[in-house]
Amino acid sequence: MPEIFTVIGPVFLALAFGVTLFAGFVKGAVGFALPMIMISGMGSFLAPDITLAALIVPTVVANVWQAMRGGLAAALGAVRVFWVYILIVLIFIAGSAQLVRILPDWVFYLVLGVPVTGFALMQIAGWKLHIRPEHRRRAEVLIGAGAGFVGGLSGVWGPPTVAYLTAIEAPKGESMRIQGVVYGAGAVVLMASHLRSGVLNAQTLPLSALMLVPCLIGMAIGYRMHDKLDPARFRRAMLFVLVVAGLNLIRRGIVGLI
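First things first, this report covers the structure right here in the doc. (Residues numbered from 1 in each chain as written. Predicted model: local features only at pLDDT ≥ 70, side-chain atom pairs only at ≥ 80, totals over all residues. Heavy atoms only, no water.)

Position of V156 relative to the elements: it lies in the loop between α7 (136–154) and α8 (158–167). Residues V156 and G113, 43 residues apart in the sequence, show an inter-C-alpha distance of 11 Å. Dropping the residues within four chain positions of it, V156 is found in contact with P35, M36, I39, L112, A147, V150 and G151. (Helix = DSSP H or I, 4+ residues; strand = E, 2+ residues; numbered from the N terminus. Contact = heavy atoms within 4.5 Å.)

Take unusual backbone geometry next. The phi dihedral of E169 is positive, around 55°, even though this residue is not glycine. Overall, the relative accessible area of 60% leaves E169 in the exposed class. (Buried < 20%, exposed > 50% of the residue type's maximum accessible area, 1.4 Å probe, protein only.)

So, about the packing of helix α4 (residues 48–68) against helix α11 (residues 212–225). Remark: α4 packs on α11, axes separated minimally by 9 Å, with the N-to-C direction vectors making an angle of 35°. As for the relative orientation of α4 and α11, their crossing is right-handed in sense. Counting all contacts with α4, which are made through V57, P58, V61, A62 and W65, the residues of α11 involved are L212, C215, L216, M219 and Y223. (Axes fitted to C-alpha atoms, helices over the stretch in contact; angles between N-to-C directions. Left-handed = near helix turned anticlockwise from the far one by under 90°.)

This part takes up the nonpolar core. Among the nonpolar cores identified, the biggest contains 73 residues, and W157 and L207 are the most heavily contacted of them. For this core, the element with the highest residue contribution is α4, accounting for eight residues. Ignoring sequence-local partners within four residues, the contact set of W157 consists of V89, I93, A147, G151, V182, Y183, G186, A187 and L190. (Core = buried A, V, L, I, M, F, W, Y, C linked by side-chain atoms within 4.5 Å.)

Before going further, it helps to spend a moment on helix α5 (residues 72–96). Because an α-helix completes one turn every 3.6 residues, residues spaced three or four positions apart along the sequence face the same direction. With 25 residues, α5 extends only 29 Å from end C-alpha to end C-alpha; this falls clearly short of the ideal 36 Å at 1.5 Å per step. The sharpest bend along α5 reaches about 85° and sits at F82. Where α5 is concerned, the buried positions are A75, A78, F82, V84, Y85, I86, I88, V89, I93 and S96. (Expected span 1.5 Å × (residues − 1). Bend = angle between axes of the 7 residues up to and from the residue.)

What follows covers the packing of aromatic side chains. Per the counting criterion, the structure on display carries two aromatic pairs. Note on Y85 and Y164: the rings are 5.1 Å apart at their centroids and 5° apart in plane angle, and the pair reads as stacked. Of this pair, Y85 sits in helix α5 while Y164 is found in helix α8, placing the two residues 79 residues apart along the sequence. By the burial criterion, Y85 is buried, and Y164 matches it. (Phe/Tyr/Trp six-rings, centres within 6.5 Å; stacked < 30°, edge-to-face > 60°.)

Attention now goes to the pattern of salt bridges. Enumeration over the complete set of coordinates arrives at three salt bridges. Ionic pairing is found between R101 and D49, a salt bridge with its closest N-O pair at 3.3 Å. Of this pair, R101 sits in the loop between α5 and α6 (105–125) while D49 is found in helix α4, placing the two residues 52 residues apart along the sequence. With a relative accessible area of 45%, R101 lands in the partly exposed category. Note that R137 and E140 form a salt bridge whose closest N and O atoms lie 2.6 Å from each other. A residue pair is termed a helical-turn pair when its members lie 3 or 4 positions apart in one helix, as R137 and E140 do in helix α7 at three residues. Residue classification places R137 among the partly exposed residues on the basis of a relative accessible area of 46%. (Salt bridge = Lys/Arg side-chain N within 4 Å of Asp/Glu carboxyl O.)

Laid out in structure tokens, this is it:
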């Protein structure tokens with residue numbers, strides 16, 4: 001048995017399993033928030049680098065699956081339209097991922113907790129960013145850079161992507177396709193980057209692979225429950241959960257700084 005399972009212990013391993021099961025369920029039910037829930041939940045009781053490693057394999061598989069659900073032609077069509085945003089996100093994921101082993105834990109907690117909490121609060125309040133067509137290219141670069149930088153450190157780059165697509169009023173079908181492509185491509189780059197950074201290694205890779213099991217079970221349940229749930233009410237409840245988790249991460253960051 002890999003040493004990582006002994007280090008974590010059966011209680012925390014069971015908790016990680018439960019968090020990932022719930023994250024997979026949400027992903028299947030509403031289509032996003034898998035890494036946000038995993039990193040926010042497991043970050044409350046596991047070390048940052050172990051938490052980040054644990055979410056990588058489930059994130060890759062789930063998001064490549066989502067990217068391909070509309071078919072390869074649809075995915076390539078989304079790439080042709082949003083190639084600048086995708087390229088910037090991938091470049092910054094690859095670059096910032098190498099900082100994980102250098103930055104202290106409190107920076108990690110704040111870098112993750114602040115955007116997750118901010119995104120959830122803005123969604124609850126109904127605030128939406130608006131970008132005029134003539135400013136779209138500049139916004140792609142700036143928002144893509146921010147999304148990729150945070151994504152490389154924390155594994156979460158969904159909130160800025162959702163905010164950007166909402167701001168340019170992308171049609172629902174196109175928005176879902178580009179989210180799948182951005183998340184899928186980003187997840188593959190994240191995995192490659194953290195194989196290089198050392199976060200994903202011979203010890204942590206088995207843990208990440210194990211978390212794929214509850215992730216896929218949760219997604220299967222979420223897909224089945226999709227039509228039975230009130231999506232708006234469920235999404236709102238999930239956002240409140242993210243606020244609590246995000247505030248806890250901010251608290252841990254502040255405590256570590258002090």
